[in-house]
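Each chain is listed here by its residues.
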Amino acid sequence: MTEPLPTATFPPAFLWGAATSAYQIEGAVREDGRTPSIWDTFSHTPGRTAGGETGDIAVDHYHRYRDDVALMADLGLTAYRFSVSWSRVQPTGRGPAVQAGLDFYRRLVDELLAHGIKPAITLYHWDLPQELEDAGGWPERDTAHRFAEYARLVGEALGDRVEQWITLNEPWCSAFLGYGSGVHAPGRTDPAAALRAAHHLNLAHGLGTAALRSVLPAGHQLALSLNSQVVRPFSQSPDDLAAARRIDNLANGVFHGPVLHGAYPETLFAETAPVTDWSFVLDGDLRTIRTPLDALGLNYYTPVLVSAADGRAAGPRADGHGASEHSPWPAADDVLFHQAPGERTEMGWTIDPTGLHELIMRYSREAPGLPLYITENGAAYDDKPDADGRVHDPERIAYLHGHLAAVRRAIGDGADVRGYYLWSLLDNFEWAYGYDKRFGAVYVDYSTLERTPKSSARWYGEVARAGALPAAVEPAA
Ligand code: IFM
């Protein structure tokens, strides 16, 4: 029998990582054959992002990746999760790959491996090639087949050196923010299209996983990253409990139902009947989607608090997903979203590490035996350099400490959590919020693109090196 771990110590093979995504950091949007994705189009459309900001330059990671990898190694990180830009690799979303695009990722991976950092690839982090959106986007079934072809191309090119693969990042956002509330690209506001998109994203995950398995060496790890929500009822009244269950279906069940269990939640069909009859789910789809996974990625930031409408006023919809008169939650206009009590980050998101513990334990039960990774967790704060140019961010250290303690507690409670990826390595383009929200452990001066590790980066690096959490949360000097 193995010895129990001392309380603050993590398992020896635990991965200490940071995460990013292509459009948020790379820039170089017109180089080496890359064509526009839906985020290029969206961010260049007046009124779509704060201050009209775009990812044209972002933090220029495309040219500075060597420095960024050196920075990670210097901090002591052991893993890095990044996404591949589909438009860089397969500019029209179909046909052969562009060598220059693949070469960039090959160079990045080689640099990581040379520094002893384990790469984890996300194939799709929201940046659909514009040509595929012009052909109908995710509400069209063919997009799932296009994704599988793209997955195979990247798998063939990088499968010899990358073991960890994630098909999709947060398909909820792609479907419901992209096609429902319209606060994300492509900015459509059609609840039926959002549900079709959700199904075709699930299908893309299934087809993409099969395509990857056909080209990757045995033993590689295939996963999916969900931003599964911790949905809490405002009260224990039957109506509030029913509201929470409905939102749980739309936030979680719509993805983990087919992926883990091969079926959509029964009640989801009746609840969304005013919007769609789900006739786009064809025979065999659910079998394809349920293809075995090797791990599950969980992204967590904050819980969601909901109630039934019943005459209560909740103020503006406080689900943390941007301002739009269109709800991202199809057929749920009678559910109210409330601000959860407690301190908030700069995003207005309530800080509650107990939600992360709850989420991990839920998926340990939903998918027994499936290794879990926290593929995103972190916080935005209004960080500023002091007179000496240093950036102190004790709030972020406290946030990370609290959430890592929750992960450790879940491991103690029997959960098989194998790694943690802080969101994000660098300050970056926070989608519709532009550059206003800083999630980075490393500060970026947007006028010079100079990088300065914040005190949280140093603190996190020390935790990674020690493989254990300190008792106190004092910022590292
Ligand atoms: O920046 C995003 C990331 O792209 C996906 N998950 C949430 C992060 C913070 O909003």
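Structural data are supplied above this passage.
Let me sum up the structure you'll find in this document.

The rules behind each value
Residues numbered from 1 in each chain as written. Predicted model: local features only at pLDDT ≥ 70, side-chain atom pairs only at ≥ 80, totals over all residues. Heavy atoms only, no water. Near = heavy atom within 4 Å. Polar contact = N/O pair within 3.5 Å; in protein donor to acceptor, adjacent residues only side chain to side chain. Areas by Shrake-Rupley, 256 points an atom, 1.4 Å probe, with all protein chains shown as cover. Nonpolar A, V, L, I, M, F, W, Y, C, P; charged D, E, K, R; others polar. Helix = DSSP H or I, 4+ residues; strand = E, 2+ residues; numbered from the N terminus. Expected span 1.5 Å × (residues − 1). Buried < 20%, exposed > 50% of the residue type's maximum accessible area, 1.4 Å probe, protein only. Contact = heavy atoms within 4.5 Å. 1 Å grid on protein atoms, 1.4 Å probe; cavity = no way out; pocket = protein on both sides within 12 Å on 5 of 7 lines; lining within 4 Å. Points joined across faces, edges and corners; volume = space filled by probe spheres on them. Pairing = 2+ DSSP bridges. Axes fitted to C-alpha atoms, helices over the stretch in contact; angles between N-to-C directions.

Looking at the site of the ligand
Step number 1: Taken together, Gln24, His125, Trp126, Asn169, Glu170, Tyr301, Trp349, Glu376, Trp423, Glu430, Trp431 and Phe439 make up the full set of residues adjacent to the ligand.
Step number 2: Side-chain polar atom of Trp423 to an oxygen atom of the ligand: 3.2 Å apart, as the coordinates give it.
Step number 3: Against a free-state accessible area of 280 Å², the protein chains account for coverage of 94% of the ligand.
Step number 4: Residues of the shell around the ligand, tallied by class, amount to six nonpolar, three polar and three charged.

Quick word on helix H5 (residues 99-114)
Step number 1: When the terminal C-alpha atoms of H5 are compared, their 22 Å separation across 16 residues agrees well with the 22 Å that a helix rising 1.5 Å per residue should span.
Step number 2: Residues Gly101, Leu102, Phe104, Tyr105, Leu108, Val109, Glu111 and Leu112 constitute the buried set of H5.
Step number 3: Those residues of H5 hidden inside the fold are in contact with helix H1 (22-25), helix H3 (61-75), strand S2 (79-83), helix H4 (86-89), strand S3 (118-124) and helix H7 (142-158).
Step number 4: Phi for Gly116, located one or two positions after H5, is positive at around 75°.

Observations concerning the layout of surface pockets
Step number 1: When its volume is computed, the second largest pocket comes out at roughly 150 Å³.
Step number 2: As for the second largest pocket, its lining consists of Leu5, Thr7, Ala8, Gly402, Ala405, Ala406, Arg408, Arg409 and Leu469.
Step number 3: Class assignment of the residues belonging to the lining of the second largest pocket gives a composition of five nonpolar, two polar and two charged.

Overview of the pairing of S3
Step number 1: The element S3 is extensively covered by neighbouring structure, given that six of its seven residues are classed as buried.
Step number 2: Two strands pair when backbone bridges link them, and S2 and S3 are joined in this way by five bridges, in the parallel orientation. Each residue of the ladder has a partner; that of Ala79, found in S3, is Lys118.
Step number 3: Pairing of S3 with strand S4 (residues 164-169), which is carried by four bridges, proceeds in the parallel orientation. Paired with Ile121 across the strands is Trp165, a residue of S4.

A closer look at the sheet that holds strand S11 (residues 417-423)
Step number 1: Strand order in the closed barrel made by the eight strands is S1-S2-S3-S4-S5-S7-S10-S11, with parallel pairing throughout. Direction aside, neighbouring strands of the sheet carry axes that sit 25° apart on average.

Brief notes about empty space enclosed by the protein
Step number 1: All chains considered together, the criterion is met by seven cavities of 30 Å³ or more.
Step number 2: Considering only enclosed or pocket space, the largest cavity measures out at about 70 Å³ in volume.
Step number 3: Taken together, Ala120, Gln164, Trp165, Ile166, Gln221, Ala223, Ala295, Gly297, Tyr373, Thr375 and Tyr421 form the lining of the largest cavity.
Step number 4: At the level of elements, S4, strand S5 (221-226) and strand S10 (372-377) are the ones that each hand at least two residues to the lining of the largest cavity.
Step number 5: Per-element accounting of the lining of the largest cavity gives the leading share, three residues, to S4.
Step number 6: When its residues are assigned to classes, the lining of the largest cavity shows seven nonpolar, four polar and no charged.

Here we look at the environment of Glu430
Step number 1: Relative to the helices and strands, Glu430 resides in the loop between S11 and strand S12 (442-444).
Step number 2: Residue class for Glu430 comes out buried when judged on its relative accessible area of 9%.
Step number 3: Separated by 381 residues in sequence, Glu430 and Thr49 place their C-alpha atoms 9.4 Å apart.
Step number 4: When residues no more than four places from it in sequence are discounted, the contact partners of Glu430 are Gln24, Met347, Trp423, Lys437 and Phe439.

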